[in-house]
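Architecture at a glance
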2 protein chains.
Amino acid sequence: MNEPAGKTTGDTRSRILDAAEVLFMDHGFDGTSMRMITSRAAVNLAAVNYHFGSKELLIQEVFRRRLTDLNKARLAALDVLEAEAGEVPIKPSRIVDAFFGTALRMAADVEGGGHTFMCLLGRTYTEPNEFVRQFLAEEYAECVERFLAALYRALPEVERKEILWRFHFMMGAMSYAIAGTDALQLVTGKFDDEDPSQLAPRLMSFLLGGLRSPLAEAGPPK
Amino acid sequence: MNEPAGKTTGDTRSRILDAAEVLFMDHGFDGTSMRMITSRAAVNLAAVNYHFGSKELLIQEVFRRRLTDLNKARLAALDVLEAEAGEVPIKPSRIVDAFFGTALRMAADVEGGGHTFMCLLGRTYTEPNEFVRQFLAEEYAECVERFLAALYRALPEVERKEILWRFHFMMGAMSYAIAGTDALQLVTGKFDDEDPSQLAPRLMSFLLGGLRSPLAEAGPPK
DNA sequence: GTCTATACCTGGATAGAC
DNA sequence: GTCTATCCAGGTATAGAC
C-alpha cells in the first residue's frame, strides 16, 4: 500500500518480517527468539533492532502490514454492499461474507503468505500479551464498529447485545478453524487429506446458521 | 481422584498447580517463568522441579488434574443420554449439551478455579507447543471419539465429514467465547458489564444453529 | 522432604569496528 | 548500513545444606 520510497531497506526488512511471521505462528511470541528470526531471515542479529527498534515493535509491524490491508478490503466490500443496497436493508449473509469471507479468502492465499498470517492472527486472538492485544484492538476498532452497525441495521428485530455476542462467537469459530486447520488437529488427524478450499463454504454456512439461530430464552435442555 | 496417601506433599503441590494455572492463562507457557510460579505460590524455586520434575511436566499436570474430570463428566452425561434413549436416536441438542454444556458449567465455577482453567484450555487450543498439543490430543481422544459417534448416529442423514467440520467449528466458538470473555475484549469492551452466566444459553443456541444449518453446496453468496 | 545457593545457558539489546 | 563482540537480566535445573 504505502511504498516509503526506500528500496535498499526493503529487502532486509521484508525478509525479517516474513521470517518472524512464520516463526511467531509456529512458536508464539515468547517462544520465538531474535536469534531464530535473524538466522531464518539470514540477516544479522542486530538487524531487527536496527530496523524495528525492538522485538515488540517488530511484532506490531508484522501485524500492521497485513492487517491494514485486510481491514481495508473488508471495509471496501462493505462500501460496495451499502452502495448497491441504497435504502433497502442488506442481507446479513452478505455482511458476514464481507467480513469473514474476506478473511477466508486471504487465508486461502498460501503462496503470498496470507495463510500463514491468518493462522498467526487466529492464534493471537487468544494471546494474552498486553502489548499485542491493545494493538489489535486499535487496528480493529473502526472495522468492527462499522460491521456491527451494518448488522444492527440488517437485523433490526434482534437485540443489539445479542448480535454482539454472535459476532463474538463467529470470530471464535473462524479463528479456530483457520489456526486449527494446520496448527492443531486436536479432534482427530482426519483433516489432513482435506482440500483447504473446502473450509470457506463450510464455515460460512455454519456461521450463518449460528447467526440466524433462534434465541432460546427458555431454560437449558436438560 | 487418586490420593497417593501423601498429605504433607499435597499442600505445596496444589499451591504450585493453582499458581501455575493462573499464570499460564495470563502470560502463556513461555511467558511464565519458574520464578513467577514459585513466588506466587510462596514456595521455593526448587519446589517445582522437586514435585514435578520439570516445567513441561508441571504444565501437563495442570491440565491433567482438571481435564480428566471434565472428560469423565462429559462421558457420564453421554452415558445417561444413551441409557435413557435406548433404541431411539438421541436429540443432537442433548449431545451438544453433554459435551459443550458440561464444559460451560465448569467454566461457570469461578471460585473452584474451573473458570480459570477453561480460559487456559481455550487459549491452549491454539497454542502451538508440540508437547502440550500431543498431550491434549491424547487426553481428548476417547471422549471426542464417543461424542462424534453419538452425533453420527443422531444425524444419519448428514455426511460424517460434515459433522466433523462442524464439531471443529463448535469447539472454536466455545474456546474463544470462554477464553475471550475475560482475556480479550477485542471487539469492544462492551462485555464487561455482562453477567457471565448469560454466556451458556447464548452459546448453546449459536452452536445448535450452526450445527443444523443447511449445507449450502452452491457457490458463494457474492 | 524442603530450601539455599548457584551453575550454566539463552534471552534481548547495544557499542563500536568496518 | 551492516556485522562482531559483549553486556547483563532472566531462564531452567541441580547439588548439597538443613
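Placed above this text is the structure.
Reference entry: report on the structure contained in this document. Fair warning: this is a prediction, and the values are worked out from it, not measured in the lab. (Residues numbered from 1 in each chain as written. Chains lettered and ligands numbered in written order. Predicted model: local features only at pLDDT ≥ 70, side-chain atom pairs only at ≥ 80, totals over all residues. Heavy atoms only, no water.)

Description of the overall build of chain A
Heads up, the rule is: Secondary structure elements follow DSSP: runs of H or I no shorter than four residues count as helices, runs of E no shorter than two count as strands, and numbering proceeds from the N terminus. Think of it in three bands: residues with accessible area under 20% of the maximum for their type are buried, residues over 50% are exposed, and the middle band is partly exposed, with areas taken using a 1.4 Å probe on protein chains only. Throughout, a contact is declared for two residues whenever any of their heavy atoms are within 4.5 Å. A 1.4 Å probe and the Shrake-Rupley method give the accessible areas. Residues count as covered only by the protein chains that appear here.
Summing up its helical and strand segments, chain A has nine helices and zero strands in all. Ordering the α and β elements of chain A from the N terminus gives α-α-α-α-α-α-α-α-α. The buried share of chain A, reckoned over its 222 residues, is 52%. The contacts of chain A with a sequence gap of at least 6 include a subset with a gap of at least 24, amounting to 72%. Within the structure as shown, chain A displays about 10200 Å² of accessible surface, and the carbon and sulfur contribution to it stands at 54%.

Some points on the protein's contact with DNA strand D
This is how it is decided: Here, proximity means that at least one heavy atom of the residue falls within 4 Å of the molecule or strand. Polar contact is defined as a pair of N or O atoms within 3.5 Å, subject to the rule that within protein one atom must be able to donate a hydrogen and the other to accept it, and that residues adjacent in sequence are counted only when both atoms are side-chain atoms. Residue classes follow a fixed rule: Ala, Val, Leu, Ile, Met, Phe, Trp, Tyr, Cys and Pro count as nonpolar, while Asp, Glu, Lys and Arg count as charged, and any other residue, Gly among them, counts as polar.
Around DNA strand D there are 14 residues in total, and Asn44(A), Ser33(B), Met34(B), Arg35(B) and Lys55(B) lie nearest to it. Taking the atoms of DNA strand D that fall within 4 Å of the protein, sugar and phosphate contribute 59% of them. Contact between DNA strand D and His51(A): a phosphate oxygen at 3.2 Å from a side-chain N or O atom of the residue. The contact in question runs from a phosphate oxygen of DNA strand D to an N or O atom on the backbone of Met34(B), over 2.5 Å. Going through the elements one at a time, α3 (47–52) of chain A together with α2 (34–41) of chain B are the ones with two or more residues in the surface near DNA strand D. Its residues placed into classes, the surface near DNA strand D shows five nonpolar, seven polar and two charged.

Points about the packing of helix α9 (residues 199–212) of chain A against helix α9 (residues 199–212) of chain B
Spelled out, the test is: Each axis is a line fitted through C-alpha atoms, and for a helix only the stretch in contact is used; angles between axes span 0 to 180 degrees, taken between their N-to-C directions. Geometric relationships in this document are graded by angle, where less than 35 degrees denotes roughly parallel, more than 145 denotes roughly antiparallel, 65 to 115 denotes roughly perpendicular, and other angles denote oblique. Crossing handedness is defined as follows: a turn of the near helix away from the far one that is anticlockwise and smaller than a right angle gives a left-handed crossing, while the clockwise case is right-handed.
Across the interface, α9(A) lies against α9(B) with an axial gap of 7 Å and an inter-helix angle of 135 degrees. It follows that α9(A) is oblique to α9(B) by the angle criterion. The handedness of the crossing between α9(A) and α9(B) is right-handed. Facing α9(A), whose interface residues are Phe206(A), Leu207(A), Gly209(A), Gly210(A) and Leu211(A), α9(B) presents Phe206(B), Leu207(B), Gly209(B), Gly210(B) and Leu211(B). Here the contact of α9(A) with α9(B) is composed, by residue class, of six nonpolar, four polar and no charged.

Regarding the protein's contact with DNA strand C
The environment of DNA strand C is formed by 15 residues, the closest being Met34(A), Arg35(A), Lys55(A), Asn44(B) and Tyr50(B). The sugar-phosphate share of atoms of DNA strand C within 4 Å of the protein amounts to 61%. Arg35(A) places a side-chain nitrogen or oxygen 3.0 Å from a base nitrogen of DNA strand C. In this structure, Asn44(B) approaches DNA strand C through a side-chain N or O atom, which is 2.3 Å from a phosphate oxygen.

Some thoughts on the interface of chain B and chain A
The cut-off we apply is this: Summed over both partners, the accessible area (1.4 Å probe) lost when two parts come together is defined as the buried area. For salt bridges, the criterion is a side-chain nitrogen of Lys or Arg within 4 Å of an Asp or Glu carboxyl oxygen.
Contacts between the two partners involve 60 residues from chain B and, on the opposite side, 62 residues from chain A. Here chain B meets chain A over a buried area of about 5900 Å², counting both sides, of which 67% is carbon and sulfur. The interface formed by chain B and chain A includes two salt bridges. Of the charged contacts, one joins Glu162(A) and Arg202(B) as a salt bridge, the two residues approaching to 2.5 Å between their closest N and O atoms. Listing elements by their share of the side of chain B that touches chain A, those giving two or more residues are α1 (8–27), α5 (92–107), α7 (130–154), α8 (160–183) and α9 of chain B. When residues in the side of chain B that touches chain A are grouped by element, the largest group, 18 residues, is from α8(B). Class assignment for the residues of the side of chain B that touches chain A results in 32 nonpolar, 13 polar and 15 charged.

Concerning the side chain of Thr126(B)
Residues and elements named next belong to chain B. Structurally, Thr126 can be placed in the loop between α6 (114–124) and α7. Taking the relative accessible area as the measure of exposure, Thr126 reaches 9% and is therefore buried. Of the polar contacts made by the side chain of Thr126, one reaches the backbone oxygen of Arg123; its length is 3.3 Å.

Here we look at the packing of helix α5 (residues 92–107) of chain A against α9(A)
Residue and element names in this part refer to chain A. One way to put it is that α5 packs onto α9 with a least axis distance of 10 Å and a crossing angle of 140 degrees. In this view, α5 runs oblique relative to α9, as classed from their interaxial angle. Considering only the axes of α5 and α9, their crossing is right-handed. Contact with α5, carried on its side by Pro92, Ser93, Val96, Asp97, Phe100, Gly101 and Leu104, involves Leu199, Ala200, Leu203, Met204, Leu207, Leu208, Leu211 and Arg212 of α9 and no other residues of that element. Its residues assigned to classes, the contact of α5 with α9 comprises 11 nonpolar, two polar and two charged.

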